[in-house]
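Inside the fold
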Amino acid sequence: MISQILRDARKYEETTEKINSDTIRPAFHLSTRVGWMNDPNGFSFYKGEYHLFYQYHPYNSHWGLMYWGHAVSKDLLHWTYLPAALAPDTAYDRDGCFSGSAVTLPDGRQLLMYTGVLKETQPDGSTCDIQTQCIAVGDGIDYEKYLKNPVLSEKDLPEGASKYDFRDPKIFQKSDGSFGCVIGNCDSKKDGQILLYNSLDGFNWRFDKILEANKGRLGKMWECPDFFTLDGKQVLIISPQDMMPQGFEYHNGNGTVCMIGEYDEETNIFQEEHTQTVDYGIDFYAAQTVLAPDGRRIMIGWMQNWDTCNMNSSEQPWFGQMSLPRELSIKNGRLIQKPIKELDNIHKNEVRYENITFTDIIKLEGIKGRKIDMELNLQSNSEQNIYRKFAVRFAQNDTYQTSISFRPYESIIKVDRKFSGSRRAIIHQRRSLVRNENGKIKLRIILDNFSVEVFVNDGEQVLSTTIYTDLKADHISFFADGLVTMDVVKYDLIAEDVYGEN
Ligand code: FRU
């Protein structure tokens, strides 16, 4: 049975989407159908398609009462919207259906596990959100909430664990077919921790242990965990709130962090060996992964930043987009992220230059655009004469530009959107330490109307940033202080009609 609240949202999104059909959106990054989008939820492969749900407030372009939006795709680039999947329509989730995940049950149904939010009035009249874990089961379009919800609540918490910060269940299947689930939480000192629960059938859950605890290292509350094996290692991804930077890692605020280590399925002990930032740009949070049918571990994140995302006008019909899905691997103990290989299928109009040596500013015939995949291979023209700075400027005209610059002596790459059209005193720059040898470095830059994602040295670092520049600003230029020798390959990214059905 579909509730009236969900039926209203489904009707609203369908009619409002038509009214706003001429607004310009990202071409191949998933954006919200209408209203507001945050975290990716329930990222899964079900009945032959990828399903991506998302935190969703259909009724305006700001965060509010949370629903789950829903879209499907065959290639993670062409998305088709489905009706909203979950609404805050039940006694235990009437103040929001927060983030969660999806698995396929042995009987073929899809199980969603999400956080139900209920406001509790405090003695002083203020309110706090009580968070519990709830289940809904469905066929890929309609989902029915489980009669015994919530399946995890205060009574299932270890001593000192907060019932107010208990959210974002991510289910995974173990090698014996049973299920595990990691959930974000904080302890009595408001310090982040990840709780591990087990279930034989996906419905009945038991607390197992505190899988990992912050102990004051990385921010405060830990949100949106994911936990999976990758290249013989175990990976725990978390999104801590309120972090303080340490060198070039863990930039201020909310960000996503990856811990790589060993995991013993018998004892459920996770031994952390290496920890790093996932994305060194401005906009990336609440990442979630899926195991593709061909064995790839693919990650997607919300391409936004909580500290800068509420500047948009309420008149805007939609706000929020996902990152490009990325294929993950581990090399030398570090996380490597590459754009999904499906991106190559939408390459058009190749433009290629080899061995161009230049100084000062150049433009190259055929190199422009706001939906492009461009790879730059840079080097110095001699080992004795390393250039001091390189920059590529894009989304550019006489008024605007965004840039990626690189200084080989410091080995630092920087994204700068100060001149992207922003009128707010928000963060406009981020830097990352990268690897280079005498100025040799590879940059893959992906633009999609309102974003830039830079993959450095085949995915050793990624920097993702949104921009809101007028689309007429589509020039690209290159700058060198010193002599740079460069190869360029550029493709337009054209996402229409690859399958003739979107
Ligand atoms: C992370 C988050 C989650 C929560 C959701 C609410 O961005 O705060 O912890 O489930 O957003 O929309």
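The structure displayed is predicted, hence computed values, not measured ones.

Cut-offs used in this document
- Residues numbered from 1 in each chain as written.
- Predicted model: local features only at pLDDT ≥ 70, side-chain atom pairs only at ≥ 80, totals over all residues.
- Heavy atoms only, no water.
- Helix = DSSP H or I, 4+ residues; strand = E, 2+ residues; numbered from the N terminus.
- Rg over C-alpha atoms; globule rule 2.2 N^0.38 Å.
- Buried < 20%, exposed > 50% of the residue type's maximum accessible area, 1.4 Å probe, protein only.
- Contact = heavy atoms within 4.5 Å.
- Areas by Shrake-Rupley, 256 points an atom, 1.4 Å probe, with all protein chains shown as cover.
- Lys, Arg positive; Asp, Glu negative; His and termini not counted.
- Charge placed at Lys NZ, Arg CZ, Asp CG, Glu CD.
- Pairing = 2+ DSSP bridges.
- Axes fitted to C-alpha atoms, helices over the stretch in contact; angles between N-to-C directions.
- Polar contact = N/O pair within 3.5 Å; in protein donor to acceptor, adjacent residues only side chain to side chain.
- Phe/Tyr/Trp six-rings, centres within 6.5 Å; stacked < 30°, edge-to-face > 60°.

Overview of the overall build of the chain
- Along the backbone of the chain there are one helix and 31 strands.
- Radius of gyration (C-alpha) of the chain: 23 Å, near the 23 Å computed for a compact globule of 502 residues.
- Along the longest, intermediate and shortest principal axes, the C-alpha atoms of the chain span 70 × 50 × 50 Å.
- Counting the 502 residues in the chain, one finds 60% classified as buried.
- Put simply, 59% of the contacts in the chain that link residues at least 6 apart link residues at least 24 apart.
- Accessible area for the chain stands at about 20600 Å²; split by element, carbon and sulfur atoms hold 48% of it.
- A gap of 3 Å separates the mean positions of the 56 positive and 71 negative side-chain charges of the chain.

So, the sheet that holds strand E8 (residues 143-145)
- Here we have four strands laid out as an open sheet, ordered E5-E6-E7-E8, and antiparallel in their pairing. Bordering the open sheet on either side are strand E5 (97-104) and E8, each of which pairs with just one other strand. The average undirected angle you get between the axes of adjacent strands in this sheet is 30°.
- Bridge count for strand E7 (residues 127-138) against E8 is three bridges, and the pairing is antiparallel.

Points about the sheet that holds strand E4 (residues 79-86)
- Strand order in the open sheet formed by five strands is E4-E3-E2-E1-E19, and the pairing between neighbours is mixed. Both outer strands of the open sheet, E4 and strand E19 (318-319), are each paired with one neighbouring strand and no more.
- Note: strand E3 (residues 67-73) against E4, five bridges, orientation antiparallel. Looking at the pairing, Val72 lines up with Thr80 of E4.
- Packing of helix H1 (residues 4-19) onto the sheet brings it into contact with strand E2 (49-57), E3 and E4, and relative to E4 it is tilted by some 155°.

Observations concerning the pairing of strand E1 (residues 35-46)
- Taken across its twelve residues, E1 has eleven buried, putting it largely inside the fold.
- Here two bridges tie E1 to E19, and the two strands are oriented parallel to one another. Across the sheet, residue Gly35 finds its bridge partner in E19, namely Trp318.
- As paired elements, E1 and E2 share seven bridges and run antiparallel to each other. Within E2, the position partnered with Phe45 by the bridge is Tyr50.
- Hairpin connection, E1 to E2: the antiparallel pair is bridged by two residues, and Lys47 has positive phi, about 50°.

Structural notes on the side chain of Ser162
- For Ser162, the position within the fold is in the loop between E8 and strand E9 (166-173).
- Within the structure, the side chain of Ser162 is placed 3.0 Å from the backbone nitrogen of Asp165, a separation counted as a polar contact.
- In this structure, Ser162 is in contact with Leu157, Asn185 and Cys186, ignoring residues within four places of it in sequence.

Quick look at the packing of aromatic side chains
- Scanning the entire structure with this criterion turns up 19 aromatic pairs.
- Ring geometry for Phe53 and Tyr143: centres 5.8 Å apart, planes at 75°, overall edge-to-face. Of this pair, Phe53 sits in strand E2 while Tyr143 sits in strand E8, and the two are 90 residues apart along the sequence. For the pair Phe53 and Tyr143, a shared accessibility class is recorded, and that class is buried.
- An angle of 70° between the planes, with centres 6.3 Å apart, marks the rings of Trp68 and Tyr114 as edge-to-face. Residue Trp68 is located in strand E3, and its partner Tyr114 is located in strand E6 (residues 110-121); the two are separated by 46 residues in the primary sequence.
- When its relative accessible area of 0% is taken as the criterion, Trp68 is described as buried.
- Tyr114 sits in the buried class, given a relative accessible area of 0%.

Focus: unusual backbone geometry
- Note that the residue after Asn149, namely Pro150, is joined by a cis bond; omega there is -10°.
- Position of Pro150 among the secondary structure elements: in the loop between E8 and E9.

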